[in-house]
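# Commentary on secondary and tertiary structure
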Amino acid sequence: MTSRPLPLITTAVALVVAGWAAFLRPGVELEIPVRWRPGMGAIPEVERERPGPVDPRAAQARGLAFLLAHQNKDGSWGSFESSRPDEIWLGTVASHRAFRAATSALAVMALVEPARADPGAAEALRKGLDYLCSAEPALRATGDVLYDNWAHLYLAQAMAHCYTEPALADRKPAMASVGRRELDLLARLQGQDGGWGYYDFNYAVSRPTGLQSTSFMTGAVLVTLHDVEAAELAADP
């Protein structure tokens, strides 16, 4: 009977031991932070450099410049490139497309206000909106991965924010069509508990179980539904 190595456990233990051995050399003092407990007295104040006053208009200008500089040629924002590709459970490439759609919708919403006075922002807004209205709808990556919910809720919200802009009146039919499509997709992906989430590890049918619904995604969907209603997006033919 041949023995098998234990690669993960053995390697992890070896690294931990080697790391502590490097610290606990003779003459080397290892500082271990102590967590405050009742009876230890007042918590010592830590001197930190406080930032100076921030001009909101300057911050907005920097954000706008970033969006204009990083818009893709097709009008979208974002890319598949990442320095940490193994950090997030993706399921399939559909998750990347969902992230791009959601990111682009957020960027479009951010441009609505500055586009009223800035020609560059107005051009980027129209280009971004045209991308959202022409792109294929985001799809569910796998049974247990529903990142497309982010795309559906932010796309519907972006359509609502742009729908009442006079400068975009010529795009209202397309916005209404996309908005209603995304609302329908959100309705289909509402969990059996009434909420929305981006995972469903217990899935058995197409409708999510709701066991992984989250308060923050559900809250974001409710804000979107309010914005859609306020813009009367879904009411128009």
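Scroll up for the structure.
Residues numbered from 1 in each chain as written. Predicted model: local features only at pLDDT ≥ 70, side-chain atom pairs only at ≥ 80, totals over all residues. Heavy atoms only, no water.

## Overview of the packing of aromatic side chains
Scanning the entire structure with this criterion turns up nine aromatic pairs. Plain terms: the ring middles of Tyr147 and Tyr199 are 5.6 Å apart, the flat faces sit at 65 degrees to each other, and that makes the pair edge-to-face. With Tyr147 in the loop between helix H4 (119-134) and helix H5 (148-163) and Tyr199 in the loop between helix H6 (172-188) and helix H7 (215-231), this residue pair connects regions lying 52 residues apart in the sequence. Of the residues examined, Tyr199 reaches a relative accessible area of 23% and is grouped as partly exposed. Through a chain of ring-to-ring contacts, the aromatic side chains of Phe99, Tyr147, Trp150, Tyr154, Tyr198, Tyr199, Phe201 and Phe216 assemble into a single cluster. Between the NZ or CZ atom of Lys172 and the centre of the ring of Tyr163, over which it lies, the distance is 4.6 Å. (Phe/Tyr/Trp six-rings, centres within 6.5 Å; stacked < 30°, edge-to-face > 60°. Helix = DSSP H or I, 4+ residues; strand = E, 2+ residues; numbered from the N terminus. Buried < 20%, exposed > 50% of the residue type's maximum accessible area, 1.4 Å probe, protein only. Lys NZ or Arg CZ within 6 Å of the ring centre and 35° of its normal.)

## What about the nonpolar core?
Counting 51 residues, the largest nonpolar core has Leu111, Leu125, Leu132, Trp150, Leu153, Met159 and Cys162 as the members making the most contacts within it. Ranked by residues supplied to this core, first place goes to H5 with eleven residues. Ignoring any residue separated from it by four or fewer positions in sequence, one finds Leu132 in contact with Ala101, Ser104, Ala105, Val108, Leu155, Ala158, Met159 and Val178. (Core = buried A, V, L, I, M, F, W, Y, C linked by side-chain atoms within 4.5 Å. Contact = heavy atoms within 4.5 Å.)

## Structural notes on helix H3 (residues 94-112)
In an α-helix, one turn spans 3.6 residues; hence positions three or four apart end up facing the same way. With 19 residues, H3 extends 28 Å from end C-alpha to end C-alpha; this agrees with the ideal 27 Å at 1.5 Å per step. Three or more residues of H3 are buried, namely Ala94, Ser95, Ala98, Ala101, Ala102, Ser104, Ala105, Ala107, Val108, Met109, Leu111 and Val112. Of the surrounding secondary structure, the elements contacted by the buried residues of H3 are helix H2 (56-69), H4 and H5. (Expected span 1.5 Å × (residues − 1).)

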